[in-house]
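Per-entry structural report
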Amino acid sequence: MKTKRLDAILSILSDLTDDLASSLPAESLRRLFSLPAGNRRFTWPTFRIGDLVAPVPVVQGGMGVGISLSRLASAVAEEGGIGVIAANGIGLLEKDYYADGRAANLRALRREIRAAREASDGIIGVNIMVALNDFHELLDVAIEERADIVFMGAGLPIKGIPVERMRTAGVKAAPIVSSVRATEMIFRMWKKIYKDVPDAVVYEGPLAGGHLGFSPEQLDDPEVQLEAVVPAIVEALRPWETEFGRSIPVIAGGGVYSGSDVQRVLSLGAGAVQMGTRFVATEECDADPAFKQAYIDSTEADIGLIHSPVGMPGRAIRNDFIRSVEAGTRPAFRCAWQCLASCKADNAKYCISIALNNARRGKLKHGFVFAGANAWRVDAILRVPDLIGELAIGFREAAREHLAQRLQPMVDGIEKLRKRYASIQEQVRELHTAYSTALEKRIRSMQDIGIDGIYERYESLRAAARETQHRITLGIVDAWALIRVEATPDAGMV
Ligand SMILES: Cc1cc2nc3c(=O)[nH]c(=O)nc-3n(C[C@H](O)[C@H](O)[C@H](O)COP(=O)(O)O)c2cc1C
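Computed from a predicted model, the values in this text were never measured in an experiment.

Examining the overall build of the protein
A count of helices and strands for the protein gives 15 helices and 14 strands. For the C-alpha atoms alone, the extent of the protein along its principal axes is close to 120 × 50 × 40 Å. With 494 residues in all, the protein has 45% of them scored as buried. Looking at the protein alone, contacts between residues at least 24 apart form 70% of all its contacts between residues at least 6 apart.

Structure below.
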């Protein structure tokens, strides 16, 4: 088992430390050489956005047209993550959507936020697409209902954001971005217009499900993968953190599937991950069971791109509906009210909101399922607490393995020095004997058998011993410093 490796390394390090600690004068230092409370210390770090504290650093990505409503969001919040209600197309749950789409959207969003609050005391967010024609009204509802945080994607949330009202109501703001450039532009403009900046940033990478902020050609480019962009956004936010005197965490997602993925993304500098696909495959997900079953039934080859009428590519499970759209054989449809500003409804071969709503209701012949690149790996529908539990275990194992990999060379180095120290000590003892013998010879027979030479070698070996011991001490201190950073829950969080 992988986790045994860390135990073995820690046991060697503990022996080396005991050896050293017995010779250390500082009592306070000795206390730092210990692994606090065993495995529990390898749990994931708490995620903080200002005064919002999520014990589980997982944001359930907002999933539009009824996939993430109050049931899923409250279940995630209840487990300690951030649960998110998607406002996009939420009015399609209402009977009067075709009569008054705007009113239906606002009513349904208000009801879902209240229902989620009723079901959980945890953190509830709302996801609103900037490209929606009723973006500002939906944002007003989220503020009135005091959602904890609003995620704003599919466009740059710059103009007309009621920042002051959000601050007064205690509603945090997090733009969803697809580049460092977009991040910087949003922050610069917010500072100029509002003298304030957002509270967190979400980077949705190219493996995500749903609409993507990249061209199809960009998707495989190493420069847009999480590994490249997350550290760059973290770096770009530093001056803003200093200027505004608060930490601005990055949330990153797209393809995050296992606990070890969570560990990998957090080690890039993200404070939390955003996950969609895994939450679709839960009992609490608000979609019809047929929608979830489509994930289980899908193969890797089924996951592909669609050209959305919104003007962006989207990742979905390709089915006959999509193929018939591409072949131009879909019947005409009636646009209810131009819900998306960028939608070319006149030229579109179908209404994406209706298609997604049909899929939500399990009518897959009349719609399709958005899905992340890893959706084909789903083979069971879990309960949210079980999914979070699985992620926690995977995270812990990956964190332990990651630490083991970094500690191994350090402990090997200390052991080598320890051997060297022992061999020097042995030579010192031998020289000590030789020195005594030389002294005796000098007293008894006035014979000098190189006593000065022996003394010089003795002194230089003792200096080498002291130097080696110093290096052992530093090695052990550095090893424990690393353990403290990696094994403490709040590691890296300010
Ligand atoms: C079914 C589905 C619907 C989605 N709808 C939205 C949406 O309405 N707004 C949004 O910002 N992101 C949406 N997303 C993206 C998710 O919020 C999340 O960022 C993404 O799924 C993360 O990638 P993953 O699926 O690989 O975990 C959707 C994703 C899926 C799978």
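Comments concerning the domain arrangement of the protein
With domains assigned, the protein is organised as domain 1 (2-34 + 408-487) and domain 2 (42-301 + 369-382). Taking the mean C-alpha position of each, domain 1 and domain 2 sit 54 Å from one another.

Focus: the packing of helix α4 (residues 101-119) against helix α5 (residues 135-144)
The geometry of α4 relative to α5 is characterised by a closest axis approach of 10 Å and an angle of 25° between their N-to-C directions. On the basis of their axis angle, the class for α4 and α5 is roughly parallel. As for the relative orientation of α4 and α5, their crossing is right-handed in sense. Only Glu137, Leu138 and Val141 of α5 make contact with α4, whose side of the interface consists of Arg102, Asn105, Leu106, Leu109 and Arg110. Here the residues of the contact of α4 with α5 sort into four nonpolar, one polar and three charged.

Structural notes on the nonpolar core
Counting residues in hydrophobic clusters, the biggest one holds 144 residues, and the most contacted among them are Ile128, Val150 and Val273. The element contributing the most residues to this core is helix α14 (residues 384-445), with 12 residues. Residues lining this core come from more than one domain, with at least three contributed by each of domain 1 (2-34 + 408-487) and domain 2 (42-301 + 369-382).

Observations concerning the site of the ligand
Neighbouring residues of the ligand: 29 residues in total, closest Gly61, Gly64, Gly209, Gly276 and Gly372. Looking at the shell around the ligand, the elements that each hand over two or more residues are β5 (123-129), β11 (272-275) and α10 (277-280). A class-by-class count of the residues in the shell around the ligand yields 12 nonpolar, 16 polar and one charged.

Focus: the environment of Ala398
Within the secondary structure, Ala398 sits in helix α14. When the 21 C-beta atoms within 10 Å are taken as the criterion, Ala398 is described as buried. Along the sequence, Ala398 and Tyr455 sit 57 residues apart, while their C-alpha atoms lie 53 Å from each other. Ala398 has contacts with Gly259, Ser260 and Gln263, leaving out every residue within four places of it along the chain.

Quick notes on helix α15 (residues 451-487)
Compared with an ideal rise of 1.5 Å per residue, which puts 37 residues at 54 Å, α15 spans 53 Å between its outermost C-alpha atoms and is within 8% of the ideal. For α15, the set of buried residues is Ile472, Gly475, Ile476, Ala479, Trp480, Ile483 and Ala487.

Thresholds, definitions, all that
Just so you know, the residues in each chain are numbered from 1, in the order the chain's sequence is written. For a predicted model such as this one, the threshold for reporting local features is a pLDDT of at least 70, and the threshold for listing and counting side-chain atom pairs is 80 or more; totals across whole chains, interfaces and linings nevertheless cover every residue. Numbering of helices and strands runs from the N terminus, with a helix taken as a DSSP run of H or I at least four residues long and a strand as a DSSP run of E at least two residues long. The burial criterion counts other C-beta atoms lying within 10 Å of a residue's C-beta, which is placed from the backbone; the residue is buried at 20 or more, exposed at 12 or fewer, and partly exposed between these limits. Each residue gets a C-beta atom placed from its backbone, and two residues are in contact if those atoms lie within 7 Å. Source of the domain bounds: an automatic or database domain assignment. Lines fitted to the C-alpha atoms define the axes, with helices restricted to the stretch that makes contact. Angles between their N-to-C directions range from 0 to 180 degrees. Working rule for angles: under 35 degrees goes down as roughly parallel, over 145 as roughly antiparallel, 65 to 115 as roughly perpendicular, anything else as oblique. Each helix crossing is assigned a hand: it is left-handed if the near helix lies turned anticlockwise from the far helix by less than a right angle, otherwise right-handed if that turn is clockwise. When residue character is reported, Ala, Val, Leu, Ile, Met, Phe, Trp, Tyr, Cys and Pro are called nonpolar, Asp, Glu, Lys and Arg charged, and the others, Gly included, polar. Any set of buried Ala, Val, Leu, Ile, Met, Phe, Trp, Tyr and Cys residues joined through C-beta atoms within 7 Å is what this text calls a nonpolar core. Only the C-beta atom matters for this test: placed from the backbone, it must lie within 6 Å of a molecule or strand for the residue to be near it. To estimate the expected span of a helix, subtract one from its residue number and multiply by 1.5 Å.

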